[in-house]
Amino acid sequence: MVNFIGTYECKADVKGRVMVPSALKGQMASVLNKGFVIKRSVFQPCLELYPMEEWNLLMEKMNKKNRFKKKNNDFIRRFSAGVKIVELDATGRLLIPKNLIEIANITKEVVLSSAINIIEIWDKDSYEKVIEEDAENFADLAEEVMGGEEDELS
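A short tour of the structure in this document, coming up. Note that the structure is predicted; figures quoted are calculated from it, not measured. (Residues numbered from 1 in each chain as written. Predicted model: local features only at pLDDT ≥ 70, side-chain atom pairs only at ≥ 80, totals over all residues. Heavy atoms only, no water.)

**A closer look at the pattern of salt bridges**
A side chain of one charge can pair with a side chain of the opposite charge when the charged atoms of the two come close. Going through the model one piece at a time under the given rule, you end up with nine salt bridges. The salt bridge involving Glu53 is made with Lys34; its shortest N-O contact spans 2.8 Å. Remark: Lys34 occurs in the loop between α1 (22–27) and β3 (36–40) and Glu53 occurs in helix α2 (residues 52–63); sequence separation between them is 19 residues. Residue Glu53 is classed as partly exposed on the basis of its relative accessible area, which comes to 40%. Lys34 sits in the partly exposed class, given a relative accessible area of 41%. In this structure, Lys124 and Glu128 form a salt bridge, with 4.0 Å as the shortest nitrogen-oxygen distance. Of this pair, Lys124 and Glu128 are both found in helix α5 (residues 124–135), four residues apart, which corresponds to roughly one turn of the helix. The structure contains a network of salt bridges with shared partners spanning Glu9, Lys124 and Glu128. (Salt bridge = Lys/Arg side-chain N within 4 Å of Asp/Glu carboxyl O. Helix = DSSP H or I, 4+ residues; strand = E, 2+ residues; numbered from the N terminus. Buried < 20%, exposed > 50% of the residue type's maximum accessible area, 1.4 Å probe, protein only.)

**Here we look at the environment of Leu57**
As for its placement among the helices and strands, Leu57 is situated in helix α2. C-alpha of Leu57 to C-alpha of Ser41: the two residues are 16 residues apart in sequence and 17 Å apart in space.

**A closer look at the sheet that holds strand β5 (residues 84–86)**
The strands that make up a sheet pair up through hydrogen bonds in the backbone, lying either parallel or antiparallel. With respect to topology, six strands assemble into an open sheet ordered β1-β7-β8-β4-β3-β5, the strand pairing being antiparallel. The open sheet has two free edges, formed respectively by β1 (7–11) and β5, since each of these has just one partner strand. When the angles between neighbouring strand axes are averaged without regard to direction, this sheet yields 30 degrees. Relative to strand β8 (residues 118–123), strand β7 (residues 109–115) runs antiparallel, the two being bridged by six bridges. In the strand pairing of β8, Ser113 is matched with Glu120. On the sheet, α2 packs against β3, β4 (47–51) and β5 and is oriented at approximately 100 degrees with respect to β4. (Pairing = 2+ DSSP bridges. Axes fitted to C-alpha atoms, helices over the stretch in contact; angles between N-to-C directions. Contact = heavy atoms within 4.5 Å.)

Shown next as structure tokens:
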């Protein structure tokens, strides 16, 4: 499992290509040759970039769902809608498919934000708005998510 670190600002060209910053590209070195999966986020107006190994682990987990339950099939269909396999080109650019650019409202300014084992791809304005809106509730969220007695940090 790879753990990405950092938030990076970059630009998308008119074709939807984003030059991945060298600091992030270095973190991707161990997974670059296997490719990536890009998809819309479930909870936010952004895209998610999964290293292929991480995607395959997630698909193994999802494949254990009972397909004879309608809600499971509905979830799998919606979760995988618009999913694409992508790679970095020889110059280190990521081509974001046009339909996904539209879904995430990506214009020219882009933020690549690490989210542990995946990279979130945001329109810069949308990212800043979400970070600003969530800032005042972050302490409560941190306590709720990480402060439980049943979970211990080591």
